[in-house]
Amino acid sequence: MNSKKNYTYHLIAICTVAIWGLTFISTKVLIEYGLSPQEIFLLRFLIAYVGIWFISPRKLFADNWKDELWLLLGGITGGSFYFLTENTALGITLATNVAFIVCTTPLLTTILSLLIYKKERATRGLIGGSLLALVGVALVVYNGSFVLKISPLGDFLTLLAAFSWAFYSLIMRKMADRYSTTFITRKIFFYGVLTILPAFLVRPWQFDIEKLLEPAVLFNLLFLGVLASLICFAVWNVVLKQLGTVRASNYIYLNPLFTLVGSAFLLNEHLTIMALLGAVCILGGVYCAGRK
């Protein structure tokens, strides 16, 4: 029974990452309609925050101020800071650089976990699988047309985003045994919204509110807010608790694979042999890294 339960959480992790892989496509559509990345993030987390009030306990604050600060840090690392650094980097460096560097998150999470938690052990399967998956990510992201263009600021911001999500995963591990998943997720949304507001002092809101009701805009915002944020963040916090931070984080390697497949079907983008080879490497690497 435990084995069946364990496989269920692995499947849930894959489905969650699959949805997150499609968020790049929705975000791209919304940007084409004129929404800025920070406007998209604000609307996405606002929708999720309103939605989670229907299922979250009415508990307003954590049991002590230290836990409340940890949840604030979670809202920053898994919300405002992560998305702001990643989206800012997209405007400075190559999109392929961003996609690849962000996918170093599982590796960074593993390193941080090994440093902080002495019980964590780096097996050969975990290390070898992670490296194989990372090679696969490179093949998928660059899709057979490797272009080396180093942008120190853009690449550094992307690395900060990767570290940010790694720290978020560790914070969720710390909070998971103390509070319910819905309470933690609601606080993450709240602090994510709160800490993105200063960004509008630099670049004020410009999008026409009336255009939010256009079908394509509304559909993609609901996809990002309800499915990719409200449901997926809550589910991912459960997955982190059940599978462990390191094993769950390795599924993030699948992110560009689902983006690739989604782009092929929804945007009619071309698949190359190199990308398909990368997909095989990712699947093999994730399988090896996820085995005990």
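Details of the structure are given in the entry above.
Each chain carries its own residue numbering, running from 1 in the written order of its sequence. Local features are withheld for residues below a pLDDT of 70 in this predicted model, meaning they are given only at 70 or higher, and side-chain atom pairs are given and counted only at 80 or more; totals for whole chains, interfaces and linings count all residues. Heavy atoms from the whole structure form the basis of all side-chain values; hydrogens and water molecules are not counted.

(A) Here's a closer look at the overall build of the chain. Within the chain, the secondary structure is distributed over 13 helices and 0 strands. Along its sequence from the N terminus, the chain presents helices and strands in the succession α-α-α-α-α-α-α-α-α-α-α-α-α. A simple rule labels every residue: compare its accessible area, found with a 1.4 Å probe on the protein chains alone, to the largest value its type can have, and call it buried under 20%, exposed over 50%, or partly exposed in between. When the 292 residues of the chain are sorted by exposure, 50% land in the buried category. For the chain, the proportion of contacts with a sequence separation of at least 24, taken over those separated by at least 6, is 89%. Per the convention used, a helix needs a DSSP run of H or I reaching at least four residues, while a strand needs a run of E reaching at least two, with both numbered from the N terminus. Should any heavy atoms of two residues lie within 4.5 Å, those residues are considered in contact.

(B) Fine view of the environment of Leu 43. For Leu 43, the position within the fold is in helix H2 (residues 37-52). With 182 residues separating them in the primary sequence, Leu 43 and Gly 225 have C-alpha atoms 7.4 Å apart.

(C) Focus on the pattern of salt bridges. By definition here, a salt bridge exists when the distance from a side-chain nitrogen of Lys or Arg to a carboxyl oxygen of Asp or Glu is within 4 Å. One pass over the full model with this rule turns up 4 salt bridges. Close ionic contact of Glu 39 with Arg 203 constitutes a salt bridge, the shortest N to O distance being 4.0 Å. With a gap of 164 residues between them, Glu 39 in helix H2 and Arg 203 in the loop between helix H9 (199-202) and helix H10 (215-243) connect regions that are remote in the sequence. Glu 39 gets classed as buried once you look at its relative accessible area, which sits at 1%. Under the relative-accessibility criterion, Arg 203 is labelled partly exposed at 32%. A salt bridge links Lys 187 to Glu 68; its shortest N-O distance comes to 2.7 Å. Residue Lys 187 is found in helix H8 (residues 181-196), and its partner Glu 68 is found in helix H3 (residues 65-90); the two are separated by 119 residues along the sequence. Each of the two residues, Lys 187 as well as Glu 68, counts as buried.

(D) Just H3, in detail. Between its first and last C-alpha atoms H3 spans 36 Å; for 26 residues at 1.5 Å apiece the expected length is 38 Å, and the two agree. A bend of about 40° at Ile 76 is the largest found in H3. Residues adjacent in sequence count toward polar contacts only when both atoms are side-chain atoms; beyond that, a polar contact is any pair of N or O atoms within 3.5 Å, and within protein one must be able to donate a hydrogen and the other to accept it. Between the side-chain oxygen at the start of H3 and the backbone nitrogen of Lys 66 there is a gap of 3.2 Å, and the oxygen is on Asn 64. Residue count minus one, scaled by 1.5 Å, sets the expected span of a helix. Two axes enter the bend calculation: one fitted to the seven residues ending at the residue in question, the other to the seven starting there, and the bend is the angle between them.

(E) Summary view of H2. Here H2 spans 22 Å end to end across 16 residues, near enough to the 22 Å set by a 1.5 Å rise per residue. Among the residues making up H2, those that are buried are Gln 38, Glu 39, Ile 40, Phe 41, Leu 42, Leu 43, Arg 44, Phe 45, Ala 48, Tyr 49 and Ile 52.

(F) Geometry of the packing of aromatic side chains. Here the aromatic set is Phe, Tyr and Trp, taking the six-membered ring for Trp, and pairing holds for ring centres within 6.5 Å; pairs whose planes are under 30 degrees apart are stacked, those over 60 apart are edge-to-face, and all others are tilted. Applying the stated rule across the entire model yields 19 aromatic pairs. Between Trp 20 and Phe 233 the ring centres are 5.8 Å apart and the planes differ by 70°, which places this aromatic pair in the edge-to-face class. Separated by 213 residues along the polypeptide, Trp 20 in helix H1 (residues 2-32) and Phe 233 in helix H10 bring together distant segments of the chain. Neither Trp 20 nor Phe 233 differs from the other in exposure class; each is buried.

(G) Summary view of a nonpolar patch on the surface. To count toward a patch, a residue needs a relative accessible area over 30% and no salt bridge; like charges are then connected within 9 Å, while nonpolar side chains (Val, Leu, Ile, Met, Phe, Trp, Tyr) are connected within 5 Å. Methods summary: accessible areas were calculated by the Shrake-Rupley approach with a probe of 1.4 Å, and residue burial reflects only the protein chains presented. A contiguous nonpolar patch, built from Leu 213, Leu 218, Leu 222, Val 226, Leu 227 and Ile 231 and spanning about 480 Å² of accessible area, is present on the exposed surface. Its place among the elements puts Ile 231 in helix H10.

(H) The arrangement of the side chain of Arg 186 in detail. Considering the arrangement of structural elements, one finds Arg 186 in helix H8. Only four residue types enter the tally: Lys and Arg on the positive side, Asp and Glu on the negative side, with His and both chain ends excluded. Here Arg 186 sits buried without a salt bridge, and the closest side chain of opposite charge, Glu 68, lies 7.7 Å off (N-O distance). In this structure the side chain of Arg 186 is engaged in a polar contact, spanning 2.8 Å, whose partner is the side chain of Ser 56.

(I) Highlighting the environment of Glu 214. Its location among the elements puts Glu 214 in the loop between H9 and H10. On the accessibility criterion, Glu 214 (32% relative accessible area) is partly exposed. Sequence separation of Glu 214 and Tyr 33 is 181 residues, and the distance between their C-alpha atoms is 9.8 Å.

(J) Structural context of the nonpolar core. Side-chain atoms within 4.5 Å are what join buried Ala, Val, Leu, Ile, Met, Phe, Trp, Tyr and Cys residues into a set we call a nonpolar core. By size, the foremost hydrophobic cluster in this structure holds 69 residues, and its most contacted members are Trp 165, Phe 189, Trp 236 and Ile 282. Looking at this core, the element that brings in the most residues is H10, giving 12 residues. Excluding anything up to four places from it in sequence, Ile 282 contacts Ala 133, Gly 136, Val 137, Val 140, Tyr 253, Leu 254 and Leu 257. Judged by nonpolar contacts, the second largest core, of 5 residues, contains Leu 112, Ala 162, Ala 166 and Leu 170.

(K) Broad picture of the packing of H2 against H10. Orientation is described by axes fitted as lines to C-alpha atoms, over the contacting stretch for helices, and by angles from 0 to 180 degrees between their N-to-C directions. Where H2 meets H10, the axes come as close as 8 Å, and the angle between the chain directions of the two elements is 55°. In terms of axis orientation, H2 runs oblique to H10. Crossing handedness for the pair H2 and H10: right-handed. Residue-level inspection shows Ile 40, Leu 43, Arg 44, Phe 45, Ile 47, Ala 48, Gly 51 and Ile 52 of H2 in contact with H10, the latter providing Leu 221, Leu 224, Gly 225, Val 226, Ala 228, Ser 229, Leu 230 and Phe 233. Here the term charged refers only to Asp, Glu, Lys and Arg, the term nonpolar to Ala, Val, Leu, Ile, Met, Phe, Trp, Tyr, Cys and Pro, and the term polar to all other amino acids, Gly among them. Its residues placed into classes, the contact of H2 with H10 shows 12 nonpolar, 3 polar and 1 charged. Angular relationships are summarised with four words: roughly parallel below 35 degrees, roughly antiparallel beyond 145, roughly perpendicular across 65 to 115, and oblique for the angles in between. By definition, any crossing whose near helix is turned counterclockwise from its far helix by less than a right angle is left-handed, and any crossing with a clockwise turn is right-handed.

(L) Highlighting the packing of H3 against H8. In contact at an axis separation of 7 Å, H3 and H8 are set at 60° when each is read in the N-to-C sense. Regarding the angle of H3 to H8, the classification is oblique. The crossing of H3 and H8 is right-handed. Note on element contacts: H8 touches H3 through Phe 183, Ile 184, Lys 187, Ile 188, Tyr 191, Gly 192, Thr 195 and Ile 196, opposite Glu 68, Leu 71, Leu 72, Gly 74, Gly 75, Ile 76, Ser 80 and Leu 84. Here the residues of the contact of H3 with H8 are counted per class, giving 9 nonpolar, 5 polar and 2 charged.

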